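# Understanding the architecture of this molecule
Here are the chains, one letter per residue:
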Amino acid sequence: MNYFELYNLPAQFEIDLDKLKQHYQTLQKLTHPDKFASASEQQKRMYLTKNSQVNDAYSVLRMPVARGEHLLELRGIELANEQDTVGDVGFLMEQMEWREALEDADSIKVLEQLVADNHKTIQKQEYEIAQLLLKNTESDNHEAAQELRKMKFMIKLASEIDSKLERISDVS
Amino acid sequence: MAYSQKVIDHYENPRNVGGFDKDDPSIATGMVGAPACGDVMKLQLKVGANGIIEDAKFKTYGCGSAIASSSLVTEWVKGKSIDEATLIKNTDIAEELALPPVKIHCSILAEDAIKAAVADYKKKHSS
């Protein structure tokens, strides 16, 4: 199923997030099961299916990594299995350094700097992925898939920085 | 989710945490990562002139199962030749640690780390 079509949005990586939210609210209202209390069982089931598609599509389209992967799937690019490991040594070394910096961070100030650096890196990744997906050649699409895998590491790191920041803020 | 006793043991008392100088010719370094959960694993082997692994160290950022899998592997590879070490299968690791299906990828990460380290060693010594 093409989630971009469902939301009447162009099938591209960069989308208008405000529009996405507006369409989500409209589609939610149109398909909400509560509205069809008097409908037949068959109709109810249909609306329920539609409603869950609307929700699934929203959760995919609003997150950059999931949106990028969905776009690649629509383009027929096979995404690497989740169990496939990443072997890019330079990238992994950097990841190791990020984790070490996070481990050593012992003040809110240091952690906030990490948040800022991490955010900057994710923005850069997002920009590069957008460029690759815009070019839309076979090799650019494959490269975009690789970059999306790397972006997952940064997003995971972001959540780890956040939870450490929360722990430290609670104590002080 | 409940971790097995063995996972908890390795998690609380990880064996052989640390690292060696990666530029030392007798050191093999394997780096791998799992995008699904953002885990990063570094496994280093100290290989003797006879091709036998004398020592192993690891550093892993990830969940308990990933740490336990790499800790276990450092124990298992010692005394093996590098080729024997590559015969360690993720299924052996998963079985030993009683990993649940959702954590199988942690054992795959550890298996791939051994392979990456051995490949690094062979590359270092091919010329």
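All of these numbers come straight from a predicted model, not from anything done at the bench. (Residues numbered from 1 in each chain as written. Chains lettered and ligands numbered in written order. Predicted model: local features only at pLDDT ≥ 70, side-chain atom pairs only at ≥ 80, totals over all residues. Heavy atoms only, no water.)

### What to know about the confidence of the model for chain B
The share of residues in chain B with pLDDT of 70 or more is 98%, and the mean pLDDT across the chain is 93. The complex prediction reports pTM at 0.84, with the ipTM value standing at 0.83. (pLDDT = per-residue confidence, 0-100.)

### Some remarks on unusual backbone geometry
We note that N8 of chain A has phi near 55 degrees; this positive angle belongs to a residue other than glycine. Within the element layout of this structure, N8 of chain A appears in the loop between α1 (3-6) and α2 (17-31). One non-glycine residue with positive phi stands out, namely A98 of chain B, at about 50 degrees. Residue placement: A98 of chain B occurs in the loop between α4 (90-97) and α5 (104-124). (Helix = DSSP H or I, 4+ residues; strand = E, 2+ residues; numbered from the N terminus.)

### Here's the deal with the sheet that holds strand β2 (residues 39-47) of chain B
All names here are of chain B. The sheet built from three strands is open, its strands ordered β1-β2-β3 with antiparallel pairing. Lying at the two open borders of the sheet, with one neighbouring strand each, are β1 (27-34) and β3 (53-61). When the angles between neighbouring strand axes are averaged without regard to direction, this sheet yields 15 degrees. Taken together, the eight bridges between β1 and β2 define a ladder with antiparallel strand orientation. Within β2, the residue paired with V32 across the bridge is M41. The sheet strands contacting helix α2 (residues 64-77) are β2 and β3, and the helix crosses β3 at an angle near 175 degrees. Docked against the sheet, α5 engages β1 and β2, running at close to 145 degrees with respect to β1. (Pairing = 2+ DSSP bridges. Axes fitted to C-alpha atoms, helices over the stretch in contact; angles between N-to-C directions. Contact = heavy atoms within 4.5 Å.)

### So, α2 of chain A
All names here are of chain A. Taking 1.5 Å per residue as the helical rise, α2 with its 15 residues ought to reach 21 Å, and the 21 Å between its terminal C-alpha atoms agrees with that figure. Every buried residue of α2 is accounted for by L20, Y24, L27, Q28 and T31. Seen end-on, α2 carries its buried residues on one side only, within an arc spanning 105 degrees. Turned more than 90 degrees from where α2 packs its buried face, D18, K29 and L30 sit exposed. Of the surrounding elements, those touching the buried residues of α2 are α1 and α3 (41-61). (Expected span 1.5 Å × (residues − 1). Buried < 20%, exposed > 50% of the residue type's maximum accessible area, 1.4 Å probe, protein only. Arc of directions from axis to C-beta.)

### Let's talk about the interface of chain A and chain B
Facing the 18 residues of chain A at the interface are 20 residues of chain B. Summed over both sides, the interface between chain A and chain B buries roughly 1700 Å², with carbon and sulfur atoms accounting for 70% of that surface. Considering only the side of chain A, the residues that lose the most area to chain B are Q83, T85 and M96 of chain A, jointly responsible for 34% of the buried surface there. Here chain A is connected to chain B by one salt bridge. Its salt-bridge partner being K59 of chain B, residue E100 of chain A comes within 3.0 Å of it at the nearest N-O pair. Joining chain A to chain B, the criterion identifies five residue pairs in polar contact (both at pLDDT 80 or more). (Buried area = accessible area lost by both parts, 1.4 Å probe. Salt bridge = Lys/Arg side-chain N within 4 Å of Asp/Glu carboxyl O. Polar contact = N/O pair within 3.5 Å; in protein donor to acceptor, adjacent residues only side chain to side chain.)

### Thoughts on the packing of aromatic side chains
Residue and element names in this part refer to chain A. What the rule picks out here adds up to two aromatic pairs over all chains. Residues Y24 and Y58 carry aromatic rings whose centres are separated by 3.8 Å and whose planes lie at 10 degrees to one another, so their mutual orientation is stacked. A residue pair is termed long-range when its members are at least 10 positions apart, and Y24 in helix α2 and Y58 in helix α3 qualify at 34 residues. Grouping residues by exposure puts Y24 and Y58 together as buried. Aromatic pair F91 and F153: ring centres 5.4 Å apart, planes at 80 degrees, arrangement edge-to-face. Placement of the pair is F91 in helix α5 (residues 89-104) and F153 in helix α7 (residues 138-171), with a sequence separation of 62 residues. Judged on exposure class, the residue F91 and its partner F153 are both buried. Directly above the ring of F13 sits R67, whose terminal nitrogen or CZ lies 5.4 Å from the centroid. (Phe/Tyr/Trp six-rings, centres within 6.5 Å; stacked < 30°, edge-to-face > 60°. Lys NZ or Arg CZ within 6 Å of the ring centre and 35° of its normal.)

### Re the pairing of β2 of chain B
Residues and elements named next belong to chain B. Among the nine residues that make up β2, eight are buried, leaving the element largely enclosed by the rest of the structure. Adjacent in sequence and paired antiparallel, β1 and β2 are bridged by four residues, among which G38 carries a positive phi angle near 75 degrees. Pairing of β2 with β3 involves eight bridges; the strand directions are antiparallel. Residue pairing in the sheet places K42 in a bridge with K59 of β3. Taken together, β2 and the strand that follows it, β3, pair antiparallel across an intervening segment of five residues, in which G51 is found at a positive phi of about 80 degrees.

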